Amino acid sequence: MDIQRVGIVGAGTMGNGIAHVFAQSGYRVILCDVEQKFLDRALATITKNLDREVAKAKIAEADKNAALQRIQTVVDRAKLAECDFVVEAASEKLEIKSELFRDLDRICRPGVILASNTSSISITKLGAETNRAANVIGMHFFNPVPVMQLVEVVRGLATSSETFATVRDLALKLQKTPVEVNDAPGFVSNRVLMPLLNEAMYAVMEGVATAEAVDEVFKLGMNHPMGPLTLADFIGLDVCLDIMRVLQRGLGDPKYRPCPLLIKMVDAGWLGKKSGRGFYQY
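The structure presented is a predicted model; accordingly, all values stated were derived computationally and were not measured.

Draft legend 1. Representation of the overall build of the protein within the structure. Along the backbone of the protein there are 11 helices and eight strands. For a compact globule of 282 residues, the expected C-alpha radius of gyration is about 19 Å, and the protein comes in at 19 Å, within 12% of that figure. With respect to the three principal axes, the spread of C-alpha positions in the protein is 55 × 45 × 30 Å. Classification of the 282 residues of the protein by burial places 48% in the buried group. Partitioning the contacts of the protein with sequence separation of at least 6, the portion at a separation of at least 24 is 67%. With an accessible surface of roughly 13200 Å², the protein has 53% of that area assigned to carbon and sulfur atoms. The centroid of the 33 positive side-chain charges in the protein is displaced by 1 Å from the centroid of its 33 negative side-chain charges.

Pasting the structure below:
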């Protein structure tokens, strides 16, 4: 499949990072979101991150400018009809993603692969919302996308081998490392990671230790680059809660019950770094 123009739906933290790596790898990008202010913020973030690479002599100023020129921003989803490949990076809510996949199936040419950056939602379910389930796949990038090497490539029940091979090769062209995973709640990364973060929250809630102490134990004792509660703040506590609920519903095991402190903090609007307050103040 000749992929030259890539659509990215959602210009948040993950969407702008995905747009960054595709544009830097030579692809033309159509970045789509519901309001221009989100797109402007995304372009500012991409520019700042590219400037950082220029400052570190990883790329030339001309490379930065060329990458930015490859990114077109749109609020009209119909413009994605021009794309040869689409990655959805919208909110981690099944109803939002389902509506998007139904619409993308209508907009995009037959045979165009629709990938989701979901960190936990069923690729099989998203594929079933379309008339091209064989061309629906998970392409789960990690934050910060320009830095992190891993891409979980998630096969839905109906995903074809041709679709998998195309996305695996595409990840390699982005200088990422694709790892094949079958469709299950949370895939591998979040099925293992999120219960760890959730249990760290229980330790704070039950007064076992402070957030700082929990994080120090993991940094010094397990050699983690950041503690679990700092990581949760970085991911977004609302995202952590959404994923825990997907795991709880999908696997039915009480060990995936979200920590009540997590629920309370999200209700309070303490979502982590992006809101200025989570387990830490920012």
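Draft legend 2. The arrangement of the packing of aromatic side chains in detail. By the definition in use, this model includes two aromatic pairs. Measuring from ring centre to ring centre gives 6.4 Å for phenylalanine 22 and phenylalanine 85, while their planes differ by 45°; the resulting arrangement is tilted. In this pair, phenylalanine 22 is assigned in helix α1 (residues 13-24) and phenylalanine 85 in strand β4 (residues 85-88), connecting sequence segments 63 residues apart. Residue classification places phenylalanine 22 among the buried residues on the basis of a relative accessible area of 0%. Residue classification places phenylalanine 85 among the buried residues on the basis of a relative accessible area of 0%. Here the aromatic residues Phe22, Tyr27 and Phe85 are joined through ring pairs into a cluster of three or more. Cation over ring: arginine 155 sits above phenylalanine 164, and NZ or CZ is 4.4 Å from the ring centre.

Draft legend 3. Structural context of the side chain of threonine 166. With respect to the helices and strands, the residue threonine 166 is situated in helix α6 (residues 161-173). Looking at threonine 166, the relative accessible area reads 18%, which means it is buried. With residues near it in sequence (within four places) discarded, threonine 166 still touches Ile3 and Ile113.

Draft legend 4. Spatial organisation of the packing of helix α2 (residues 36-55) against helix α3 (residues 61-69). Between α2 and α3, the least distance of the axes is 9 Å, while the angle of their chain directions is 160°. Judged by the angle between their axes, α2 and α3 are roughly antiparallel. Two packed elements cross with a definite hand, and for α2 against α3 that hand is right-handed. Of the residues in α3, those in contact with Ile46, Thr47, Leu50, Asp51 and Val54 of α2 are Glu61, Lys64, Ala67 and Leu68.

Draft legend 5. Here's a closer look at the side chain of histidine 140. Looking at where histidine 140 falls in the secondary structure, it is placed in strand β6 (residues 136-141). By relative accessible area, which is 5% here, histidine 140 ends up buried. One polar contact links histidine 140 to glutamate 152, side chain to side chain, over a distance of 2.8 Å. Those residues in contact with histidine 140, other than ones at most four positions away along the chain, are Ser116, Asn117, Thr118, Ser119, Leu150, Val151, Glu152, Phe187, Ser189 and Asn190.

Draft legend 6. Summary view of a positive patch on the surface. Positive charge collects at one region of the surface, where Lys48, Arg52, Lys56, Lys58 and Lys273 lie side by side. Exposure remark for lysine 58: the relative accessible area of 61% places this residue in the exposed category.

Draft legend 7. Summary view of helix α4 (residues 94-107). Counted at 1.5 Å a residue, the expected span for α4 with its 14 residues is 20 Å, and the 20 Å between its end C-alpha atoms agrees. Turning to α4, its buried residues are Lys97, Ser98, Leu100, Phe101, Asp103, Leu104, Asp105 and Ile107. Elements that come into contact with the buried residues of α4 comprise β1 (5-9), β4, β5 (113-116), α5 (123-128) and β6.

Draft legend 8. Representation of unusual backbone geometry. Across the junction of asparagine 143 and proline 144, the peptide omega takes the value 0°, indicating a cis bond. Position of proline 144 relative to the elements: it lies in the loop between β6 and β7 (150-155). In the Ramachandran plot, alanine 57 falls in the positive-phi region, its phi being about 60° despite a non-glycine side chain. The residue alanine 57 is located in the loop between α2 and α3 in this model. By relative accessible area, which is 67% here, alanine 57 ends up exposed. Backbone geometry places glutamine 175, a non-glycine residue, at a positive phi of 65°. Summarising the element assignment, glutamine 175 is placed in the loop between α6 and β8 (177-182). Classification of glutamine 175 as exposed rests on a relative accessible area of 64%.

The rules behind these values
- Residues numbered from 1 in each chain as written.
- Predicted model: local features only at pLDDT ≥ 70, side-chain atom pairs only at ≥ 80, totals over all residues.
- Heavy atoms only, no water.
- Helix = DSSP H or I, 4+ residues; strand = E, 2+ residues; numbered from the N terminus.
- Rg over C-alpha atoms; globule rule 2.2 N^0.38 Å.
- Buried < 20%, exposed > 50% of the residue type's maximum accessible area, 1.4 Å probe, protein only.
- Contact = heavy atoms within 4.5 Å.
- Areas by Shrake-Rupley, 256 points an atom, 1.4 Å probe, with all protein chains shown as cover.
- Lys, Arg positive; Asp, Glu negative; His and termini not counted.
- Charge placed at Lys NZ, Arg CZ, Asp CG, Glu CD.
- Phe/Tyr/Trp six-rings, centres within 6.5 Å; stacked < 30°, edge-to-face > 60°.
- Lys NZ or Arg CZ within 6 Å of the ring centre and 35° of its normal.
- Axes fitted to C-alpha atoms, helices over the stretch in contact; angles between N-to-C directions.
- Parallel < 35°, antiparallel > 145°, perpendicular 65-115°, else oblique.
- Left-handed = near helix turned anticlockwise from the far one by under 90°.
- Polar contact = N/O pair within 3.5 Å; in protein donor to acceptor, adjacent residues only side chain to side chain.
- Patch = residues over 30% accessible without salt bridge, like charges linked within 9 Å, V, L, I, M, F, W, Y side chains within 5 Å.
- Salt bridge = Lys/Arg side-chain N within 4 Å of Asp/Glu carboxyl O.
- Expected span 1.5 Å × (residues − 1).

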